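Structural description and commentary
Okay, here's what each chain looks like letter by letter:
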Amino acid sequence: MNGINNKGRPFILAGHSQGTLHGIRLLKEVIDKTPLAKQMLAAYIIGGQITSSHFETMQDIKICTQATDLNCAIHWDTFSDAEIGNSFPERANNICINPLSWQLDGPLAGKEQHLGAVYPSGEFHAEFSGIDTAIGIKFPPLDAPKANYLQAQCKNGVLFISDQSDTPFGKFSSSFIKGSYHILDYSVFHVDIRENAKLRIATYLEQRTNQISANLM
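Figured I'd write up the structure that's included with this text. (Residues numbered from 1 in each chain as written. Predicted model: local features only at pLDDT ≥ 70, side-chain atom pairs only at ≥ 80, totals over all residues. Heavy atoms only, no water.)

Let's talk about the state of the cysteines
- Per the counting criterion, the structure on display carries two disulfides.
- A sulfur-sulfur distance of 2.0 Å marks the disulfide that ties Cys64 to Cys72. Here the disulfide of Cys64 and Cys72 is right-handed, its torsion about the S-S bond being about 90°.
- When its relative accessible area of 0% is taken as the criterion, Cys72 is described as buried.
- With a sulfur-sulfur separation of 2.1 Å, Cys96 is cross-linked through a disulfide to Cys154. Between Cys96 and Cys154, the S-S torsion sits near -80°, and that sign places the bridge as left-handed. Taken together, the positions of Cys96 in the loop between strand S5 (78-80) and strand S6 (97-98) and Cys154 in strand S8 (residues 152-155) put the pair 58 residues apart, joining distant regions of the chain. (Disulfide = S-S within 2.5 Å. Buried < 20%, exposed > 50% of the residue type's maximum accessible area, 1.4 Å probe, protein only. Helix = DSSP H or I, 4+ residues; strand = E, 2+ residues; numbered from the N terminus.)

Notes on the layout of surface pockets
- Volume-wise, the second largest pocket comes out at about 210 Å³.
- Sort the elements by how many residues they give to the lining of the second largest pocket and helix H4 (residues 190-216) lands first, with four residues. (1 Å grid on protein atoms, 1.4 Å probe; cavity = no way out; pocket = protein on both sides within 12 Å on 5 of 7 lines; lining within 4 Å. Points joined across faces, edges and corners; volume = space filled by probe spheres on them.)

Notes on the pairing of strand S2 (residues 40-46)
- Buried residues dominate S2, accounting for seven of its seven residues.
- By the bridge criterion, three bridges tie S2 to strand S4 (residues 72-74) in an arrangement that is parallel. Following the sheet pairing, Ala43 is matched in S4 by Ala73. (Pairing = 2+ DSSP bridges.)

What about the nonpolar core?
- Of all hydrophobic cores here, the largest spans 45 residues; its most connected members are Leu27, Ile31, Phe55 and Phe189.
- Listing elements by their share of this core, those giving two or more residues are strand S1 (11-16), helix H2 (18-31), helix H3 (36-39), S2, S4, S8, strand S9 (158-161) and H4.
- With six residues, S2 is the largest single contributor of residues to this core.
- Apart from residues no more than four positions distant in its own chain, Phe189 is found in contact with Trp76, Thr78, Pro99, Leu100, His114, Gly116, Leu150, Ala152, Leu159 and Ile161. (Core = buried A, V, L, I, M, F, W, Y, C linked by side-chain atoms within 4.5 Å. Contact = heavy atoms within 4.5 Å.)

Set out below in C-alpha coordinates:
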(Lines give C-alpha, C1' and ligand atoms only; values in the text may rest on other atoms or scores of the structure.)
Protein backbone atom coordinates (compact mmCIF):
# COMPACT_ATOMS: atom_id res chain seq x y z
CA MET A 1 0.00 0.00 0.00
CA ASN A 2 1.37 3.43 -0.89
CA GLY A 3 0.19 6.83 -1.98
CA ILE A 4 1.21 6.22 -5.59
CA ASN A 5 -0.78 2.99 -6.05
CA ASN A 6 -3.73 4.44 -4.16
CA LYS A 7 -3.62 7.68 -6.22
CA GLY A 8 -4.37 9.71 -3.12
CA ARG A 9 -7.82 8.25 -2.54
CA PRO A 10 -9.25 7.69 0.96
CA PHE A 11 -9.41 4.14 2.31
CA ILE A 12 -10.59 2.06 5.27
CA LEU A 13 -8.40 -0.58 6.91
CA ALA A 14 -10.10 -3.63 8.43
CA GLY A 15 -8.73 -6.72 10.14
CA HIS A 16 -9.59 -9.30 12.78
CA SER A 17 -7.56 -11.41 15.22
CA GLN A 18 -4.24 -12.16 13.50
CA GLY A 19 -5.27 -9.59 10.91
CA THR A 20 -5.52 -7.04 13.74
CA LEU A 21 -1.90 -7.68 14.68
CA HIS A 22 -0.89 -7.17 11.06
CA GLY A 23 -3.07 -4.06 11.02
CA ILE A 24 -1.34 -2.43 14.00
CA ARG A 25 2.01 -3.02 12.30
CA LEU A 26 0.72 -1.39 9.13
CA LEU A 27 -0.39 1.63 11.15
CA LYS A 28 2.98 1.95 12.88
CA GLU A 29 5.38 1.06 10.09
CA VAL A 30 3.62 2.09 6.87
CA ILE A 31 0.79 4.55 7.47
CA ASP A 32 1.68 6.78 10.42
CA LYS A 33 3.87 9.83 9.68
CA THR A 34 3.07 9.58 5.96
CA PRO A 35 0.37 11.13 3.73
CA LEU A 36 -1.49 7.83 4.03
CA ALA A 37 -2.50 8.74 7.59
CA LYS A 38 -4.75 11.52 6.31
CA GLN A 39 -6.15 9.27 3.57
CA MET A 40 -7.11 6.55 6.07
CA LEU A 41 -10.64 7.26 7.26
CA ALA A 42 -10.52 4.60 10.00
CA ALA A 43 -8.88 1.31 10.92
CA TYR A 44 -11.29 -1.35 12.20
CA ILE A 45 -8.69 -3.57 13.88
CA ILE A 46 -10.95 -5.71 16.02
CA GLY A 47 -10.24 -8.70 18.26
CA GLY A 48 -6.80 -9.72 19.49
CA GLN A 49 -6.02 -7.44 22.45
CA ILE A 50 -4.71 -4.03 21.38
CA THR A 51 -3.64 -1.61 24.14
CA SER A 52 -3.39 2.17 24.08
CA SER A 53 0.41 1.86 24.39
CA HIS A 54 0.56 1.02 20.68
CA PHE A 55 -0.50 4.59 19.89
CA GLU A 56 1.91 6.40 22.22
CA THR A 57 4.59 6.55 19.52
CA MET A 58 2.22 7.34 16.68
CA GLN A 59 2.12 10.89 15.44
CA ASP A 60 -0.86 11.05 13.09
CA ILE A 61 -3.09 8.14 14.12
CA LYS A 62 -5.11 8.17 17.32
CA ILE A 63 -7.75 6.00 18.97
CA CYS A 64 -11.29 6.85 17.82
CA THR A 65 -13.52 8.25 20.56
CA GLN A 66 -16.77 8.96 18.69
CA ALA A 67 -18.70 7.85 15.62
CA THR A 68 -17.42 10.50 13.20
CA ASP A 69 -13.71 10.61 14.12
CA LEU A 70 -11.31 10.19 11.20
CA ASN A 71 -7.69 9.05 10.85
CA CYS A 72 -8.09 6.81 13.88
CA ALA A 73 -8.33 3.18 15.02
CA ILE A 74 -11.22 1.14 16.46
CA HIS A 75 -10.90 -1.97 18.61
CA TRP A 76 -12.84 -4.21 20.97
CA ASP A 77 -12.84 -7.81 22.26
CA THR A 78 -16.28 -9.37 22.74
CA PHE A 79 -17.31 -11.41 25.79
CA SER A 80 -20.56 -12.67 27.31
CA ASP A 81 -21.99 -10.41 29.99
CA ALA A 82 -22.40 -13.57 32.07
CA GLU A 83 -18.67 -13.05 32.77
CA ILE A 84 -18.99 -9.39 33.71
CA GLY A 85 -18.22 -10.01 37.37
CA ASN A 86 -15.01 -11.86 36.60
CA SER A 87 -11.56 -10.29 36.36
CA PHE A 88 -9.59 -9.99 33.12
CA PRO A 89 -6.29 -8.43 34.31
CA GLU A 90 -4.55 -9.14 31.00
CA ARG A 91 -7.09 -6.86 29.30
CA ALA A 92 -7.03 -4.04 31.84
CA ASN A 93 -5.31 -1.67 29.38
CA ASN A 94 -7.15 -3.01 26.33
CA ILE A 95 -8.81 -0.54 23.97
CA CYS A 96 -12.58 -0.95 24.10
CA ILE A 97 -14.87 1.03 21.82
CA ASN A 98 -18.55 0.27 22.23
CA PRO A 99 -19.88 -0.31 18.67
CA LEU A 100 -23.41 0.61 19.69
CA SER A 101 -22.37 4.15 20.68
CA TRP A 102 -18.84 4.32 19.17
CA GLN A 103 -17.60 5.78 22.46
CA LEU A 104 -14.22 4.83 23.89
CA ASP A 105 -14.84 2.85 27.09
CA GLY A 106 -18.52 3.33 26.28
CA PRO A 107 -20.99 2.53 29.08
CA LEU A 108 -24.03 0.33 28.70
CA ALA A 109 -25.89 0.86 25.43
CA GLY A 110 -29.28 -0.81 25.15
CA LYS A 111 -30.73 -3.09 22.52
CA GLU A 112 -32.59 -0.18 20.96
CA GLN A 113 -29.21 1.12 19.74
CA HIS A 114 -28.23 -2.16 18.08
CA LEU A 115 -28.57 -1.94 14.29
CA GLY A 116 -28.07 -5.60 13.51
CA ALA A 117 -26.26 -8.90 13.99
CA VAL A 118 -25.78 -11.30 11.07
CA TYR A 119 -25.29 -15.00 11.62
CA PRO A 120 -21.98 -16.23 10.12
CA SER A 121 -22.25 -18.04 6.80
CA GLY A 122 -20.77 -21.53 6.42
CA GLU A 123 -18.55 -23.39 8.87
CA PHE A 124 -15.16 -22.46 10.24
CA HIS A 125 -12.34 -24.98 9.91
CA ALA A 126 -8.68 -24.69 10.83
CA GLU A 127 -5.98 -27.35 10.42
CA PHE A 128 -3.05 -26.91 12.79
CA SER A 129 -1.19 -30.18 12.22
CA GLY A 130 -0.12 -29.78 8.60
CA ILE A 131 -0.63 -27.85 5.41
CA ASP A 132 -4.02 -26.18 5.20
CA THR A 133 -6.12 -27.45 2.32
CA ALA A 134 -9.55 -26.53 1.00
CA ILE A 135 -12.19 -29.04 2.08
CA GLY A 136 -15.13 -27.99 -0.06
CA ILE A 137 -16.96 -25.83 2.46
CA LYS A 138 -19.64 -23.71 0.79
CA PHE A 139 -20.70 -20.34 2.11
CA PRO A 140 -24.40 -19.66 1.43
CA PRO A 141 -25.89 -16.15 1.41
CA LEU A 142 -25.98 -14.34 4.73
CA ASP A 143 -29.17 -14.34 6.80
CA ALA A 144 -31.18 -11.16 7.28
CA PRO A 145 -29.80 -8.89 10.03
CA LYS A 146 -31.25 -9.18 13.54
CA ALA A 147 -31.77 -5.65 14.86
CA ASN A 148 -32.25 -4.70 18.53
CA TYR A 149 -30.74 -8.07 19.39
CA LEU A 150 -28.20 -7.28 22.10
CA GLN A 151 -26.87 -4.70 24.49
CA ALA A 152 -23.19 -3.90 24.99
CA GLN A 153 -20.88 -2.16 27.43
CA CYS A 154 -17.16 -1.65 27.92
CA LYS A 155 -15.72 -2.53 31.30
CA ASN A 156 -12.06 -2.98 32.25
CA GLY A 157 -10.98 -3.22 28.62
CA VAL A 158 -13.59 -5.83 27.64
CA LEU A 159 -16.75 -5.43 25.54
CA PHE A 160 -19.54 -7.36 27.23
CA ILE A 161 -22.64 -8.23 25.19
CA SER A 162 -25.87 -10.03 26.01
CA ASP A 163 -25.11 -13.68 26.75
CA GLN A 164 -25.67 -15.86 23.68
CA SER A 165 -25.66 -19.29 25.36
CA ASP A 166 -29.27 -20.06 24.43
CA THR A 167 -29.12 -18.57 20.91
CA PRO A 168 -27.72 -19.89 17.61
CA PHE A 169 -24.75 -17.54 18.06
CA GLY A 170 -23.81 -19.43 21.23
CA LYS A 171 -22.12 -22.19 19.22
CA PHE A 172 -19.33 -19.73 18.45
CA SER A 173 -18.34 -19.27 22.08
CA SER A 174 -14.61 -19.92 22.54
CA SER A 175 -13.56 -23.32 23.86
CA PHE A 176 -10.22 -21.80 24.95
CA ILE A 177 -11.26 -18.64 26.85
CA LYS A 178 -14.42 -18.82 28.93
CA GLY A 179 -17.08 -16.39 27.79
CA SER A 180 -15.16 -15.15 24.75
CA TYR A 181 -17.08 -14.45 21.55
CA HIS A 182 -13.92 -13.79 19.55
CA ILE A 183 -15.36 -15.29 16.35
CA LEU A 184 -18.39 -12.99 16.68
CA ASP A 185 -16.46 -9.70 17.05
CA TYR A 186 -17.65 -8.59 13.60
CA SER A 187 -20.77 -10.73 13.09
CA VAL A 188 -22.90 -9.48 15.97
CA PHE A 189 -22.19 -5.86 14.93
CA HIS A 190 -22.41 -6.43 11.17
CA VAL A 191 -24.84 -3.61 10.39
CA ASP A 192 -23.42 -1.29 13.06
CA ILE A 193 -19.96 -1.48 11.48
CA ARG A 194 -21.31 -1.07 7.95
CA GLU A 195 -23.36 2.00 8.86
CA ASN A 196 -20.51 3.52 10.84
CA ALA A 197 -18.14 3.12 7.88
CA LYS A 198 -20.70 4.93 5.71
CA LEU A 199 -20.96 7.71 8.31
CA ARG A 200 -17.20 8.21 8.43
CA ILE A 201 -17.08 8.34 4.62
CA ALA A 202 -19.83 10.97 4.62
CA THR A 203 -17.95 12.95 7.27
CA TYR A 204 -14.76 12.85 5.20
CA LEU A 205 -16.56 13.98 2.04
CA GLU A 206 -18.27 16.82 3.88
CA GLN A 207 -14.98 18.02 5.36
CA ARG A 208 -13.28 17.82 1.98
CA THR A 209 -16.10 19.76 0.29
CA ASN A 210 -15.90 22.46 2.97
CA GLN A 211 -12.14 22.66 2.56
CA ILE A 212 -12.38 23.02 -1.22
CA SER A 213 -15.05 25.71 -0.84
CA ALA A 214 -12.89 27.60 1.66
CA ASN A 215 -9.89 27.48 -0.68
CA LEU A 216 -11.97 28.94 -3.52
CA MET A 217 -13.17 31.92 -1.47
